[in-house]
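# Working through the structure, step by step
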Number of protein chains: 2
Amino acid sequence: MAAHQAVLFDVDGTLVDTNYLHVHAWLRAFADEELPVEAWRIHRCIGMDGTSLLHRLCGDVPDEIGERLKQLHSGYYRETAGLMRPLPGARDLLHRVADLGLQVVLATSAPEDELQLTRQVLDCDDVVSAVTMSGDVDTAKPEPGIIEVALDKAGVGPAQAVFVGDAIWDAQACARAAVRCIGVLSGGVGGDELRAAGVVEVFEGPHALLDHLPDSAIGTLLG
Amino acid sequence: MAAHQAVLFDVDGTLVDTNYLHVHAWLRAFADEELPVEAWRIHRCIGMDGTSLLHRLCGDVPDEIGERLKQLHSGYYRETAGLMRPLPGARDLLHRVADLGLQVVLATSAPEDELQLTRQVLDCDDVVSAVTMSGDVDTAKPEPGIIEVALDKAGVGPAQAVFVGDAIWDAQACARAAVRCIGVLSGGVGGDELRAAGVVEVFEGPHALLDHLPDSAIGTLLG
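Because the structure is a prediction, the values reported are computed rather than measured.

### Here we look at the overall build of chain A
If you tally the helices and strands in chain A, you get 11 helices and 6 strands. Relative to a compact globule of 223 residues, whose C-alpha radius of gyration would be 17 Å, chain A shows 17 Å and is just as compact. Seen through its principal axes, chain A has C-alpha atoms that stretch 55 × 35 × 30 Å. Out of the 223 residues in chain A, the part that is buried amounts to 59%. Long-range pairs, those at least 24 residues apart, make up 66% of the contacts in chain A with a sequence separation of at least 6. On chain A, roughly 8900 Å² of surface is accessible, and the fraction owed to carbon and sulfur atoms is 47%. When the 16 basic and 34 acidic side-chain charges of chain A are each reduced to a single mean position, those positions are 2 Å apart.

### Let's talk about the pattern of salt bridges
Residues and elements named next belong to chain A. The tally for this structure, following the rule as stated, stands at 20 salt bridges over all chains. Residue Glu79 pairs with Arg28 through a salt bridge whose shortest N-O separation is 3.2 Å. Taken as a pair, Glu79 in helix α4 (residues 63-79) and Arg28 in helix α1 (residues 19-32) lie far apart in primary sequence, 51 residues in all. Under the relative-accessibility criterion, Glu79 is labelled exposed at 56%. The exposure class assigned to Arg28 is partly exposed, which follows from its relative accessible area of 25%. A salt bridge links Arg68 to Glu33; the shortest N-O distance between them is 2.9 Å. Taken together, the residues Arg68 in helix α4 and Glu33 in the loop between α1 and α2 (39-45) connect sequence positions 35 residues apart. On the basis of relative accessibility, which here comes to 21%, the residue Glu33 falls in the partly exposed class. Among the charged side chains, a network of salt bridges with common partners joins Glu33, Glu64 and Arg68.

### Looking at the packing of helix α3 (residues 50-58) of chain A against α4(A)
All names here are of chain A. Contact geometry of α3 with α4 gives a least axis separation of 10 Å together with a crossing angle of 115°. The chirality of how α3 crosses α4 is right-handed. Here Gly50, Thr51 and Leu54 of α3 lie close against α4, whose contacting residues are Gly66, Leu69 and Lys70. Its residues assigned to classes, the contact of α3 with α4 comprises 2 nonpolar, 3 polar and 1 charged.

### A short note on the domain arrangement of chain A
Residues and elements named next belong to chain A. Looking at the assigned domains, one finds that chain A contains domain 1 (6-17 + 84-221) and domain 2 (19-82). When each unit is reduced to the centre of its C-alpha atoms, the spacing between domain 1 and domain 2 is 23 Å. Each partner contributes to the interface: domain 1 provides 20 residues, whereas domain 2 provides 19 residues. Interface of domain 1 and domain 2: buried area, both sides summed, is about 1700 Å²; carbon and sulfur atoms make up 48% of it. Per-residue buried area on domain 1 facing domain 2 is highest for Met84, Glu114 and Trp169; these three make up 36% of the total on that side. At the surface where domain 1 touches domain 2, the tally comes to 2 salt bridges. Viewed at the interface, domain 2 and domain 1 are joined by 11 residue pairs in polar contact (both at pLDDT 80 or more). Looking at which element gives the most residues to the side of domain 1 that touches domain 2, the answer is helix α6 (residues 112-122), with 4 residues. The class makeup of the residues in the side of domain 1 that touches domain 2 is 7 nonpolar, 5 polar and 8 charged.

### As for the packing of aromatic side chains
Residue and element names in this part refer to chain A. Applying the stated criterion across every chain, the model contains 3 aromatic pairs over all chains. Note on Trp26 and Phe30: the rings are 5.8 Å apart at their centroids and 25° apart in plane angle, and the pair reads as stacked. Of this pair, Trp26 and Phe30 are both found in helix α1, 4 residues apart, which corresponds to roughly one turn of the helix. We classify Trp26 as buried; its relative accessible area is 4%. Taking relative accessible area as the criterion, Phe30 reaches 1% and is therefore assigned buried.

### Details of helix α7 (residues 145-154) of chain A
All names here are of chain A. For α7, the tally of buried residues reaches 7 of 10 residues, placing the bulk of the element in the interior. Every buried residue of α7 is accounted for by Gly145, Ile146, Ile147, Val149, Ala150, Leu151 and Ala154. Of the surrounding elements, those touching the buried residues of α7 are β1 (6-9), β2 (103-107), β3 (130-132), β4 (161-165) and α8 (168-177). Downstream of α7 by a residue or two, Gly155 has a phi angle that is positive, lying close to 70°.

### Regarding helix α3 (residues 50-58) of chain B
Residues and elements named next belong to chain B. What α3 keeps buried is the set Leu53, Leu54 and Leu57. For α3, the angular spread of the buried residues around the axis is 95°, confining them to a single face. For α3, the elements touching its buried residues are α1 (19-32), α2 (39-45) and α4 (63-79). Positive backbone phi, approximately 70°, marks Gly59, located one or two places after α3.

### Description of the side chain of B:Asp170
Residues and elements named next belong to chain B. With respect to the helices and strands, Asp170 occurs in helix α8 (residues 168-177). When its relative accessible area of 1% is taken as the criterion, Asp170 is described as buried. Here the side chain of Asp170 touches Asp166 through a polar contact of 3.1 Å, landing on its backbone nitrogen. Within polar-contact distance, the side chain of Asp170 engages the backbone nitrogen of Ala167 at 3.0 Å.

### Focus on the sheet that holds β2(A)
Residues and elements named next belong to chain A. Here 6 strands make up an open sheet; going across it, the order is β3-β2-β1-β4-β5-β6 and the pairing parallel. Every other strand in the sheet has two partners, leaving β3 and β6 (201-203) as the edge strands with one partner each. Taking each pair of neighbouring strands and ignoring which way they run, the sheet shows an average axis angle of 25°. Across 3 bridges, strand β5 (residues 180-184) lies against β6 in parallel orientation. Counterpart to Ile182 in the pairing with β6 is Glu201.

About the criteria used
Position labels on residues start from 1 in each chain and follow its written sequence. Numbering of ligands from 1 and lettering of chains from A proceed in the order in which they are written. Thresholds applied to this predicted model are a pLDDT of at least 70 for local features of residues and 80 or more for the giving and counting of side-chain atom pairs; totals over whole chains, interfaces and linings are not thresholded and use all residues. With hydrogens and water stripped out, all remaining heavy atoms of the structure feed into the side-chain values. Numbering of helices and strands runs from the N terminus, with a helix taken as a DSSP run of H or I at least four residues long and a strand as a DSSP run of E at least two residues long. Radius of gyration here uses only the C-alpha atoms, and the compact-globule reference equals 2.2 Å multiplied by the residue count raised to the power 0.38. Buried, partly exposed and exposed residues are distinguished by accessible area as a fraction of the type maximum, computed with a 1.4 Å probe on protein chains only: under 20%, between the cut-offs, and over 50%, respectively. Contacts are assigned to residue pairs with any non-hydrogen atoms lying within 4.5 Å of each other. Each accessible area is a Shrake-Rupley estimate made with a 1.4 Å probe; only the visible protein chains count as cover when residues are assessed. Only four residue types enter the tally: Lys and Arg on the positive side, Asp and Glu on the negative side, with His and both chain ends excluded. Where a charge sits is defined by one atom per residue type, namely NZ (Lys), CZ (Arg), CG (Asp) or CD (Glu). Only one rule defines a salt bridge in this text: a Lys or Arg side-chain nitrogen within 4 Å of an Asp or Glu carboxyl oxygen. The axes used here are C-alpha line fits, helices contributing only the stretch in contact, and every angle between their N-to-C directions lies in the interval 0 to 180 degrees. By convention the crossing between two helices is left-handed if the near helix lies anticlockwise of the far one by an angle smaller than a right angle, and right-handed if it lies clockwise. Think of it as three bins: nonpolar holds Ala, Val, Leu, Ile, Met, Phe, Trp, Tyr, Cys and Pro, charged holds Asp, Glu, Lys and Arg, and polar takes everything else, Gly as well. The source of the domain bounds is an automatic or database domain assignment. Accessible area that two parts lose when put together, evaluated with a 1.4 Å probe and summed over both, is termed the buried area. Think of a polar contact as two N or O atoms within 3.5 Å of one another; within protein, one of them needs to be a possible hydrogen donor and the other a possible acceptor, and neighboring residues in sequence only count if both atoms come from side chains. Only the six-membered ring of Trp is used, alongside the rings of Phe and Tyr, when aromatic pairs are assigned; centres must lie within 6.5 Å, and planes under 30 degrees apart are stacked while those over 60 apart are edge-to-face, with the rest tilted. By construction, the arc corresponds to the directions joining the helix axis to the C-beta atoms. Following DSSP output, two strands are said to pair if at least two bridges run between them.

Structure below.
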């Protein structure tokens, strides 16, 4: 029997309200190293892995400084664990997708310790059938690696899956992997920016997607 | 002699990189009061005054809770003073505008204590000819009050002024006051959203506006 069709979910900014906590943690890290980086530029890079984010924001920083920045970010981010909340509708959406007989896959390039935090906040492991994380690939989004690993883990091809994400990088990685991408505004990136990056439709957040599930790209997976 | 033409500048997110610090401070305030408010919705409300922001995000909260939220936000915001930076090009832009013989007006609805902080960070009081703040009007942006007070203080009509801002509220208030509004992306709101709200042109931030000053709406003030 063929594997069940799959919905691949980004986590940060898509299921859990963490993007602005990441921005704040990076702001503090850059301030510690006296690197002036504008907050809005950091925001636009959330969803990339740490190394790609640093390269885009700071150019060629020495490895030693890059490692220090990543550790500072990680420490400051963990400090804000008490502020992490599931986005409205996120849990219900995952349960509904699972109830429809579709696989729920968490497809993120977050480091394992950060993913542990957000999975605890989400508290939906019982309906999650597969998970990717930063260790699964050398290159994160916008490279399509994470999406391809997620498809492999789910045992489906690109046409049997839909991705849900909030970042330009999600849309770009999906375009390269030939997977349809639904965009949500809950990460703070505007709908026009997401559409320009290739998403097929835009919802305010998990709750709005849940309300329109049968008419969305996820609905088309059900045939 | 007629008053010199004026450029009205929003401060937060336009001249000083504070929008994401405001988001974080509000997130902490809402968490303290156990009110679940999504970060991206807070971000989209930065630039409104505190009372309008609370009404939009929380509906009708009792005055007592509203006051507590504003005080919590204010305290948490001040804690991040060490992270406040002028946006790249902000100081040079204000000096250049003054050198061209135009009035530099800070037109914000921020409370006085917050404005003191950002004016210190900006360190440009020598070229600023007028300032508005929350106490100047009962209703902040998107109502046009702040813009009208700024025009009064500068002694010019709407056609003799251009506004520079980063928020949807700036653009809407300008439209109501018949003042042309230039949008900057440095507050984290996308260019399409700003254009839809009525800005006449968009630049990445103060630096990019400075680079294109003669061709911008500010250039047209010089005739």
